[in-house]
Amino acid sequence: MPSSGWLTLHFKPLRRSGPPDSDGPSDDHPSSYSDGSESDDEPLDRDPFHKALENAVLKYVNNRMPIRLLQLPEMKLIERSAIVRHVLGPVVANIAKEDVVNLTTQAMGTLASWTPKDTVEALIMEKLIEEHARYAILSHTWLGKKPEVLYSDTKDPQKWQSMRTRRGTGYRKLEGFCKVAREQHGVSLAWMDTICINKDSTSELDESIRSMYRWYRDSYICIAYLSETTSLTDMPNDRWFTRGWTLQELLAPARMKFYCTDWRPLTRAADGVDKRNITPPSVLDPGEPLPEILNTIAKSTGIGPRDLITHEPGVTGSGIASRMVWAAKRTTTRGEDRAYSLMGIFNVSFPIAYGEGEQRAFLRLMEAILTSHSNPLDVLNWAGIPISSAIHSSSVLPSGLECYLKHSPQLDWSKFAPSKPMILTHVGLRVGLIVIRAEFISSEQALQELVANGSVKFRCLLSMTLVSPGAVNQWHFMCTSLSSCLAPTVGLI
């Protein structure tokens, strides 16, 4: 049997009536399951372990798996209640009580004595269930003028049958994905955004967008389909590298495989995987050479090879400004999606509101970062046009992602973590400041003369960009005497 990830397991099948792939419980009745037939069989008698296992499956499916999946090979859409039944069969057949007890005992021996046993047991169960809840997820770009297969198409039997008969471009992509997922990666569940999200439901669309990073992260394999690529040579020119949503689809998955336009794998990796996330980053060997495909992706995206395989959501590792730059040259059909598609990358969440406009959506992204990260100063590391006064009164906030293309990568904000909260209000950004008496230097020559004769005691790390009609001027401030520094104060900027 497969490893749990950190302990080797040896499962003993449990005895139960019905075939080994029998369906499991519904969402409403997680404590009972049947063989999937239409008969009214009496539910099996179960001990507390079986009930705990079934509840653990229900919790796993509802919290770590998509709302809807394709069941393979039939390509049949199933909802969460059916997903629970699909997963429960192999879980009950392969996970024995002795396995959980033994692994919990082993784990307790390595943890602090105050760690609750129930918590450890629940984590063990979740890890074991993960082995039987595998699904593939597709990363791709929409076909544009050629029709994709949508969720609404499956609700119209006549239209669905017509699409299966004609096998248009969209259907062939769906079919190719499902075939690769089942035959090359051995999964019986798959997710594709076009067909698995009911975009007519605003609540479902909101949940899907806010959960999407997690769904890609928790997938067994992410299959990236590059429809304009035939080899590694032309891979960098593929449209896939220009779209906003594919950024999180590149960073989030633990395991990823790239395929070209005719569904051939772009590489022949020995383990069948092109990209594998390594966490924590400390276990990464700095001297280990990276695969050619990762170096190609790094050059195409501007994301360092190490960031590609050690990415963690939030601002661990690369700072806020650097992550904004990754997205700055990418586009989305809806302007608001440029901000929504970054929620998972920054580990923040806020409701979607199509129609609010790109700048207002970006403002809400910045607000979420300011209120959730311990050192959000890098939000201010930008140059360019400030946010419209119609959106917010503070000109210290950028108007969009493009402003971060001119950020200063040399700044080390770890030394300047704010001791008090940075609060965004209707009159500006409340932030602790150090006020320094400074001189305005109008030319680079004058600046060099001051530096040469030793007059400059302190050079400000920041520069202020002021926007005037027809010009963007960079002002550099110098302090010629450290004694002129005043005490820290609070400013609204």
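Our subject is the structure that appears above.
Residues numbered from 1 in each chain as written. Predicted model: local features only at pLDDT ≥ 70, side-chain atom pairs only at ≥ 80, totals over all residues. Heavy atoms only, no water.

Next up on the list: the overall build of the protein chain. If you tally the helices and strands in the protein chain, you get 17 helices and 14 strands. Expressed as a percentage of the 493 residues in the protein chain, the buried residues total 46%. (Helix = DSSP H or I, 4+ residues; strand = E, 2+ residues; numbered from the N terminus. Buried < 20%, exposed > 50% of the residue type's maximum accessible area, 1.4 Å probe, protein only.)

This part takes up the environment of Thr-110. Mapped onto the fold, Thr-110 is located in the loop between helix H3 (97–108) and helix H4 (117–130). Polar contacts involving the side chain of Thr-110 include one to the main-chain carbonyl oxygen of Ala-107, which spans 2.8 Å. (Polar contact = N/O pair within 3.5 Å; in protein donor to acceptor, adjacent residues only side chain to side chain.)

Here we come to the pairing of strand E6 (residues 255–259). The buried fraction of E6 is high, at five of five residues. What you see with E6 is no split at all: Arg-255, Lys-257 and Tyr-259 on one side and Met-256 and Phe-258 on the other are buried throughout. In this fold, strand E5 (residues 221–225) hands off to helix H10 (residues 245–251), which returns the chain to E6; that crossover is right-handed. Looking at chain direction, E6 and strand E7 (residues 275–276) are connected through two bridges and run antiparallel. Within E7, the position partnered with Arg-255 by the bridge is Arg-276. (Right-handed = clockwise from strand over helix to strand, strands pointing away. Pairing = 2+ DSSP bridges.)

So, about the pattern of salt bridges. Tallied over the full model, the rule gives 19 salt bridges. For Arg-80, the salt bridge identified is with Glu-207, shortest N-O distance 3.3 Å. With a gap of 127 residues between them, Arg-80 in helix H2 (residues 80–94) and Glu-207 in helix H9 (residues 202–218) connect regions that are remote in the sequence. Residue classification places Glu-207 among the partly exposed positions, given a relative accessible area of 31%. Of the charged contacts, one joins Glu-358 and Arg-338 as a salt bridge, the two residues approaching to 3.0 Å between their closest N and O atoms. With a gap of 20 residues between them, Glu-358 in helix H16 (residues 358–372) and Arg-338 in helix H14 (residues 337–340) connect regions that are remote in the sequence. (Salt bridge = Lys/Arg side-chain N within 4 Å of Asp/Glu carboxyl O.)

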